[in-house]
Amino acid sequence: MKSAVTVSLVPEASGGPFVFWDDLDFAIRSARELGFDGIEIFPPDPDTLRGLNVAQRIQGFPVAAIGTGAGWVKHRLLLCDPDREQRQRAIEFVRSMMRIASELSAPAIVGSMQGRSTPTLPKSEAKALLRDSLETLNEEAEKLGQPLLFEPLNRYETDQANTLEQGLELTGGLNNLLLLADLFHMNIEEANVAESIRHAGHKIGHVHFADSNRMAIGFGHLEVPSIIQSLRSIAYAKYLSAEVLSRPDAMGAARQTIESFRKFTSST
Ligand code: LER
Ligand code: MN
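Residues numbered from 1 in each chain as written. Chains lettered and ligands numbered in written order. Predicted model: local features only at pLDDT ≥ 70, side-chain atom pairs only at ≥ 80, totals over all residues. Heavy atoms only, no water.

### Concerning the overall build of the protein chain
- A tally of helices and strands in the protein chain yields 11 helices and nine strands.
- Rg of the C-alpha trace for the protein chain: 17 Å, near the compact-globule value of 18 Å for 268 residues, within the 12% margin.
- In terms of overall dimensions, the protein chain has a C-alpha envelope of 50 × 45 × 35 Å along the principal axes.
- Across the 268 residues of the protein chain, 59% fall into the buried class. (Helix = DSSP H or I, 4+ residues; strand = E, 2+ residues; numbered from the N terminus. Rg over C-alpha atoms; globule rule 2.2 N^0.38 Å. Buried < 20%, exposed > 50% of the residue type's maximum accessible area, 1.4 Å probe, protein only.)

Below, the structure written as structure tokens:
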């Protein structure tokens, strides 16, 4: 298993679960110095990401994943938008992110952009619209040869998919989609986190490594050893990426994460 840490380049996401903020070079340098295996980037939009010349800045340091949540947080785009043109814009936003991510050998993530039902959009319709968008993006992922990560979120953020099982159901038959297992959301929604991971098996393509209170692992009460054991049992070899609050501060959260990563992955 590999370690990663997050950096947000989206001021509108302020207060959100990201370790480093605003300064990509500082985040890369710190991640390297602390011994992380990669970095997960949350950019404001594809043009800004392209303009950052990440490949040049990163100098061979791996990009673990690229988040697309700014499509919702900043641009109000949703993959289940009942307005055809808005939904198309949402698809194009994710598609462009996927292309740039694939140039960096990284997958893109669909989390917040899955949207949810509203008083005027029934749950079944929201789900059908999302599924339709994901089918289009599945084709893009196939062309790029880089999976797209779909992330179930807790009930306060979505009613599309709250558990890994619901994620599997929603993405069924879309072979280029893998699931993102966010331990914070899972701690709220799953009956048994370790068992759900075992059940989803090889369909898990990324993990958000967060404790029960969305702080760095070790700062909350998540039962980590059984989760690591279950990841081992499915031969999970990808990232455990710290999508956690920057508390007590960025370096404090990053240090706690890498120490926990080493402790739990070497001893369990
Ligand atoms: C995104 O990765 C996520 O976990 C959501 O809760 C949005 O913050
Ligand atoms: Mn997450």
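Once the structure has been displayed, the description carries forward.
### Looking at the coordination of the manganese ion (ligand 2)
- Coordination sphere of the manganese ion (ligand 2), protein contribution only: Glu151 (OE), Asp182 (OD), His208 (ND1) and Glu243 (OE), at 2.0 to 2.2 Å.
- Note that the manganese ion (ligand 2) binds six donor atoms; their angles at the metal cover 69 to 175°, and the shape is octahedral. (Donors = N, O, S within 2.8 Å, 3.2 Å for Na, K, Ca; no water. Tetrahedral: all angles 85-135°; square planar, octahedral: opposite > 155°, others 65-115°.)

### Digging into the pattern of salt bridges
- In total, this model carries 15 salt bridges according to the counting rule given.
- Across the pair Glu135 and Arg131 runs a salt bridge, and its minimum N-O distance is 2.8 Å. Of this pair, Glu135 and Arg131 both sit in helix α6 (residues 123-144), four residues apart, roughly one helical turn.
- Arg214 is paired through a salt bridge with Glu157; the nearest N and O atoms lie 4.0 Å apart. One end of the pair, Arg214, is in the loop between β8 (204-208) and α10 (224-233); the other, Glu157, is in the loop between β6 (148-150) and α7 (164-170), with 57 residues separating them in the sequence.
- Here the salt bridges share partners, and the residues they tie into one network are Glu92, Arg95, Arg99, Glu140 and Lys143. (Salt bridge = Lys/Arg side-chain N within 4 Å of Asp/Glu carboxyl O.)

### Let's talk about the packing of aromatic side chains
- Applying the stated criterion to the full structure yields three aromatic pairs.
- Ring geometry for Phe18 against Trp21: centres 5.7 Å apart, planes inclined by 85°, an arrangement best described as edge-to-face.
- Residue classification places Phe18 among the buried residues on the basis of a relative accessible area of 5%.
- Plain terms: the ring middles of Phe20 and Phe26 are 5.9 Å apart, the flat faces sit at 80° to each other, and that makes the pair edge-to-face.
- Following the ring pairs from residue to residue traces out a cluster consisting of Phe18, Trp21 and Phe42.
- Arg76 extends its terminal NZ or CZ atom over the ring of Trp72, reaching a point 4.1 Å from the ring centre. (Phe/Tyr/Trp six-rings, centres within 6.5 Å; stacked < 30°, edge-to-face > 60°. Lys NZ or Arg CZ within 6 Å of the ring centre and 35° of its normal.)

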